[in-house]
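Spelled out, the chains give:
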Amino acid sequence: MSQGSLPGFDLAIPTDRLYLAVFPDVAYAARFETFAAKHLAARRMEGQPVEASRLHLTLFHLGDYTGLPPGLAAQAAEALSRLEAEPFTIQFDQIGSFNNRGGYGDFVLAANHGNDALRALHRQLAQHLNAAALNQHTKGSFTPHMTLAYNKPAVPFQPIEPVIWPAHEVVLIHSLLGKTRHIRVADKKME
């Protein structure tokens, strides 16, 4: 019997997520939402794409919690403040599904190769997170992608004409899970 099934030992449902991401500016985000709707319709996938204001590329997922742990956002903001980078472009050249669960997955834009400046930014940010005692969040691989729609019928990745967009800042976001609300905690402009 698992501990979660014992009375009084129910697992808490996370309500808060903290992550570092790059968001497209308003104009690019609107284009991505339109682009996503077009590709969903072409594949006869019902439902709406991710809302333009929520489209982003996650750099580091800093965890899901029932209430943010004290000091975590401040540690992450301190690490972010140390970032030194110039603006650069991000390129996606594939579209398809991640997280295949029973024939369903997240419909995403991804990159087959390239994005050297993005990868360098990711490595630098990992160093700053490690220095801020957040190294448990820097493990694992980094696959640049942007989720266009959640829980859709899985489709294989296909090459597309490259989609290029400018990155100007990294943002620390506190997401209220299930409420589609993002709270901007800190940001660092690239200049």
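Refer to the structure above for everything that follows.
Below you will find a few notes about this structure. If you're wondering where the values come from, they're calculated on a predicted model, not measured in any experiment.

**Description of the layout of surface pockets**
Phase 1: Within this model, the largest pocket holds a volume of roughly 560 Å³.
Phase 2: In terms of lining residues, the largest pocket is bounded by 24 residues, among which Arg17, His56, Thr58, Thr147 and Tyr150 are the most central.
Phase 3: Counting residues per element, the ones that place at least two in the lining of the largest pocket are β1 (16-22), β2 (57-65), β3 (88-101), β4 (104-110), β5 (145-153) and β7 (169-176).
Phase 4: Here the lining of the largest pocket gets four residues from one element, more than from any other, and that element is β2.
Phase 5: In this structure, the second largest pocket occupies an estimated 260 Å³ of space.
Phase 6: Phe23, Pro24, Asp25, Val26 and Arg184 are the residues nearest the centre of the second largest pocket, which is lined by 16 residues in total.

**Side note on helix α2 (residues 72-81)**
Phase 1: Within the sequence span of α2, burial applies to Leu72, Ala76, Ala79 and Leu80. The buried side chains of α2 occupy one side of the element, clustering within an arc of 100° when seen end-on.
Phase 2: Looking at the buried side of α2, the elements it contacts are β1, β2, α3 (116-131), β7 and β8 (181-189).

**Remarks on the side chain of histidine 128**
Phase 1: With respect to the secondary-structure elements, histidine 128 resides in helix α3.
Phase 2: According to the relative accessible area criterion, histidine 128 is buried, its value standing at 17%.

**Overview of the sheet that holds strand β6 (residues 158-167)**
Phase 1: An order of β5-β4-β3-β6 is seen for the four strands of this open sheet, with the pairing classed as antiparallel. The sheet is open, and its two edges are formed by β5 and β6, each paired on a single side. Sheet twist, expressed as the mean angle between neighbouring strand axes with direction ignored, is 30°.
Phase 2: Relative to β6, β3 is paired through seven bridges, and the arrangement is antiparallel. Considered in β6, the bridge of phenylalanine 92 is made with valine 163.
Phase 3: Each of β3, β4, β5 and β6 touches helix α1 (residues 26-42); the most contacted strand, β6, lies at about 165° to it.

**Points about α1**
Phase 1: Its 17 residues place the ends of α1 24 Å apart at the C-alpha level, agreeing with the 24 Å of an ideal helix rising 1.5 Å per residue.
Phase 2: Of the positions making up α1, those classed as buried are Ala29, Phe32, Phe35, Ala36, His39 and Leu40. One side of α1 holds all its buried residues, which, seen down the axis, span an arc of 130°. The exposed residues of α1 that point more than 90 degrees off its buried face are Val26, Arg31, Thr34, Lys38, Ala41 and Ala42.
Phase 3: Elements that come into contact with the buried residues of α1 comprise β3, β4, β5 and β6.
Phase 4: Arginine 44 occupies a position one or two residues after α1 and carries a positive phi of about 55°.

Reading guide: rules and limits
Residues numbered from 1 in each chain as written. Predicted model: local features only at pLDDT ≥ 70, side-chain atom pairs only at ≥ 80, totals over all residues. Heavy atoms only, no water. 1 Å grid on protein atoms, 1.4 Å probe; cavity = no way out; pocket = protein on both sides within 12 Å on 5 of 7 lines; lining within 4 Å. Points joined across faces, edges and corners; volume = space filled by probe spheres on them. Helix = DSSP H or I, 4+ residues; strand = E, 2+ residues; numbered from the N terminus. Buried < 20%, exposed > 50% of the residue type's maximum accessible area, 1.4 Å probe, protein only. Arc of directions from axis to C-beta. Contact = heavy atoms within 4.5 Å. Pairing = 2+ DSSP bridges. Axes fitted to C-alpha atoms, helices over the stretch in contact; angles between N-to-C directions. Expected span 1.5 Å × (residues − 1).

None of this, on its own, says anything about what the molecule does.
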